[in-house]
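Observations on the three-dimensional arrangement
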Amino acid sequence: MTAALTWEKHNDVLALTGELDRDTLMSFWTVRQAQMDSARIVDVSGLAHVDSAGLAMLVRLNSEQDDTPLVLSGVSPNLQMLISLYGLASEFSDNQQ
C-alpha cells in the first residue's frame, strides 16, 4: 500500500511528507496553485519515496514559478541521484541540501 502524500505550508516553505509518486501526486496536483502561491522552498526531507512522476511534478512546479527557481530542501541521496540521472540539476536552485 502506498503511503499518502501530505503537505503543510509555512510562509514561503512548502513541506511535503509521505510518498511522491504516480499514485499519490494527484491529490496535491489539484491544489498546487494555491499551495505554491508565494512558496519559494519545497522541503522534501519528509518524503520516503519519489519516483520519476514525482520528479516530473517538481520540475513542473518549478516551471510555473514566475521569477526564481524553487529551492529543494532536504534532498535525499536517492532523489539527488534521480535528479542527476535525468540531468535536471540545473532546473532547481543550487541550494539543494
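Just so we're clear, the structure is a prediction, and the values are computed from it rather than from any experiment.

1. Observations regarding the nonpolar core
Counting residues in each nonpolar core, the largest one holds 25 residues, and the members touching the most others are Leu16, Leu20, Phe28, Met36, Val42, Leu58 and Leu72. Elements with a minimum of two residues in this core: strand E2 (13-20), helix H1 (25-29), strand E3 (41-50), helix H3 (52-63) and helix H4 (77-85). Here Leu20 is in contact with Leu5, Leu25, Leu47, His49, Val50, Asp51, Gly54, Met57 and Leu58, once residues within four sequence places are set aside.

2. Remarks on the pairing of E3
One ladder, built from 7 bridges, connects E2 with E3; its direction is parallel. Residue pairing across strands places Ala15 opposite Asp43, the latter belonging to E3. Here 3 bridges tie E3 to strand E4 (residues 71-73), and the two strands are oriented parallel to one another. Looking at E4, one finds that Val42 is bridged to Leu72. Note that the unit made of E3, H3 and E4 has a crossover that is right-handed.

3. Some details on H3
At 3.6 residues per turn, the α-helix brings residues three or four places apart onto the same side. For H3, built from 12 residues, the straight-helix expectation of 16 Å at 1.5 Å per residue is met to within 8% by its first-to-last C-alpha distance of 16 Å. Structurally, H3 contributes buried residues whose contacts are with E2, H1, helix H2 (32-36), E3, E4 and H4. Residue Asp51 occupies the N-cap position of H3, its side-chain oxygen lying 3.0 Å from the main-chain nitrogen of Ala53.

4. Side note on the packing of aromatic side chains
All told, the structure shown has 1 aromatic pair when counted by the stated rule. Note on Trp7 and Phe28: the rings are 5.1 Å apart at their centroids and 75° apart in plane angle, and the pair reads as edge-to-face. Of the two residues, Trp7 sits in strand E1 (residues 5-10) while Phe28 sits in helix H1, which places them 21 residues apart along the sequence. The exposure class assigned to Trp7 is partly exposed, which follows from its relative accessible area of 26%. Given the relative accessible area of 0%, Phe28 is considered buried.

5. A few points about the pattern of salt bridges
Using the criterion set out here, one finds 3 salt bridges in the structure. As a salt-bridge pair, Asp23 and Arg22 come within 3.5 Å of each other at their nearest N and O atoms. Within the structure, one salt-bridge network assembled from shared partners comprises Arg32, Arg60 and Glu64.

6. Here's the deal with the sheet that holds E3
As summarised here, the arrangement of the 4 strands in space is E1-E2-E3-E4, forming an open sheet in which the pairing is mixed. In the strand order of this sheet, the two ends are held by E1 and E4, each with one partner. Between one strand axis and the next, the sheet turns by 20° as a mean value, whatever way the strands run. The strands touched by H3 within the sheet are E2, E3 and E4, with E2 carrying the most contacts at an inclination of about 165°.

Procedures and definitions
Residues numbered from 1 in each chain as written. Predicted model: local features only at pLDDT ≥ 70, side-chain atom pairs only at ≥ 80, totals over all residues. Heavy atoms only, no water. Core = buried A, V, L, I, M, F, W, Y, C linked by side-chain atoms within 4.5 Å. Buried < 20%, exposed > 50% of the residue type's maximum accessible area, 1.4 Å probe, protein only. Helix = DSSP H or I, 4+ residues; strand = E, 2+ residues; numbered from the N terminus. Contact = heavy atoms within 4.5 Å. Pairing = 2+ DSSP bridges. Right-handed = clockwise from strand over helix to strand, strands pointing away. Expected span 1.5 Å × (residues − 1). Polar contact = N/O pair within 3.5 Å; in protein donor to acceptor, adjacent residues only side chain to side chain. Phe/Tyr/Trp six-rings, centres within 6.5 Å; stacked < 30°, edge-to-face > 60°. Salt bridge = Lys/Arg side-chain N within 4 Å of Asp/Glu carboxyl O. Axes fitted to C-alpha atoms, helices over the stretch in contact; angles between N-to-C directions.

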